[in-house]
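The chain contents come next:
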Amino acid sequence: GSEAGGGGGGGSKAREGGMAPLPRHAALDGATFAALVRRGAPFVVSDALERSAGFAMRNWTCDEFAVRFPDAAVTLHYVAGGDKRSTMAESAVLGDEPSGCPDPDGPAHGPRYWGIKEAAFGGGYDEGRAVSEAETPYLEAVKEAAGVPYFMDPAANGGELGASPEVWLSAKGAGAQAHVDGHCESTISIQLAGTKRWRLSAVPPSQLTPLRPRNQYEDGAAYRRRGGWRPTWVGDLAPGEAILFPPGTVHETTTTSHECAASITFQFATPPPLLHLDARFPALRRLWDVHECWAQFDLPYASLLAPPASSAALPVRELFFLSLQLGGLLPVRARRLAVQRHAELDADADGCLSVAELPPPPRRALGTAEAWPGALASLFDVDADGCVAAAEVGSVIERWALVQRAVAEEWLPPPRAIARQFRAEARVSGAGMPERR
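Our subject in this report is the structure included herewith.

So, how was this worked out
Residues numbered from 1 in each chain as written. Predicted model: local features only at pLDDT ≥ 70, side-chain atom pairs only at ≥ 80, totals over all residues. Heavy atoms only, no water. Helix = DSSP H or I, 4+ residues; strand = E, 2+ residues; numbered from the N terminus. Disulfide = S-S within 2.5 Å. Buried < 20%, exposed > 50% of the residue type's maximum accessible area, 1.4 Å probe, protein only. Contact = heavy atoms within 4.5 Å.

Glancing now at unusual backbone geometry. With an omega of 0°, the peptide bond between Thr270 and Pro271 qualifies as cis. Tracing the backbone through its elements, the reader meets Pro271 in the loop between strand 13 (261-268) and helix 7 (274-279). Residues other than glycine seldom take positive phi values, yet Ala27 does so here, at roughly 50°. Mapped onto the secondary structure, Ala27 falls in the loop between strand 2 (24-25) and helix 1 (30-39). Not every positive phi belongs to a glycine, and Arg364 is a case in point at roughly 65°. Mapped onto the fold, Arg364 is located in the loop between helix 11 (331-345) and helix 12 (372-380).

Next comes the structure, spelled out in structure tokens:
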């Protein structure tokens, strides 16, 4: 499960311990919301519930959840002794358990997590999960009580939110240790009761290494990395406020109020955060926590380079292998291919690709089919002048291909390791090593 949230709370200093206050917005219109999500920096919406009609759970407390869903399967998460399961009613009277967090500014105790979205996963998804199909009535009740925030599009985001609710309940001092989730989509968390402090950062570039060993930021791992964790943003989230942040973000929460903090978290793919994914691609392509998203993160580039009229028909797995093949090109060759594809797509030969001339969204592309072309245009229109020029497409593709090639070379074992493998196989087979000449 993933917990998301935070806010540049009232009374925050301009910078706190080197951290910047989270940007805060109110009265968001659709265009501003889309622009913020595409860029990907975390931000808070201070009037998320005040302006949202139909959000029946806006005042639900931790006790309210226990009364409404007493038999819900809840997990005491991020605790030193390992996850512990109980019902919602039982968890309401259980004492806090230490988190073992090595950061004195991090959460001292573990939160309670209700992954109610898992009720829709079916029996074969993960037999070890806490929530089963038996809680489907609870899931429907949560979906009915949780509306769509006013700045989102019900047609585009309603289904995404309804498929991904998670509930987090935490006493004072409790919260989620710093971690990166495996979600490919952006995240929104809405505070219902209590106040929670959030600290967030991108994966620090200085901690990016080749994929040997794998880069991982699982629960609490950020604190143990060389140099520790230095969060970039901080803020307190009050009831009725929401925080939004992109995939691949390191985040941590700590309840600061005496009242138990209750929040609900969702993932959403519309609008696609393509500008963020492009800016952070060197990091995300090396970040094992999101390895299941690599195919989707490659789609904007691979779909443009794919043969005409084929990207929408190719399954995502085949498109991913195509992207690996194209990413293995020398970057200068990838640029030339991109310029060639630009000419093929430019139907009116005016030197600019319009939204209508861009390739259609491939299968499993982030966001809706209606949102994809505009997001793709914002990615390739580097100077934001409304014209996607051949030089812009070439530069974006070349930069992507450079990362793909570098990562492919990092995956190759070092020469000595290859030699050891040859010797090991030779011993097993009885064959000798090739003689040096």
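So, next bit.
What follows is about the state of the cysteines. Disulfide: a covalent bond formed between the sulfur atoms of two cysteine residues. Going through the model one piece at a time under the given rule, you end up with 3 disulfides. Bridging Cys62 to Cys260, the disulfide has an S-S length of 2.0 Å. Around the S-S axis, the bridge from Cys62 to Cys260 shows a dihedral of about -80° and counts as left-handed. Taken together, the residues span a long stretch of sequence, with Cys62 in helix 2 (residues 62-68) and Cys260 in the loop between strand 12 (250-255) and strand 13 at a distance of 198 residues. Per residue, the accessibility class of Cys62 equals that of Cys260, and both read buried. The disulfide that involves Cys184 links it to Cys293, with 2.1 Å between the sulfurs. Its S-S torsion of approximately -90° makes the covalent link between Cys184 and Cys293 left-handed. With Cys184 in the loop between strand 7 (166-170) and strand 8 (186-193) and Cys293 in the loop between helix 8 (281-284) and helix 9 (294-305), this residue pair connects regions lying 109 residues apart in the sequence. One exposure class covers both Cys184 and Cys293, and it is buried. Each bonded cysteine of the chain gets a number by its place in the sequence, and the pairs then read 1-3, 2-4, 5-6.

With respect to the element layout, Asp96 can be found in the loop between helix 3 (88-91) and strand 6 (112-114). Exposure remark for Asp96: the relative accessible area of 45% places this residue in the partly exposed category. Separated by 15 residues in sequence, Asp96 and Pro111 place their C-alpha atoms 8.4 Å apart. Excluding residues within four positions of it along the chain, Asp96 makes contact with His109 and Ala171.

Fair warning: the whole summary comes from geometry, so function is off the table for now.
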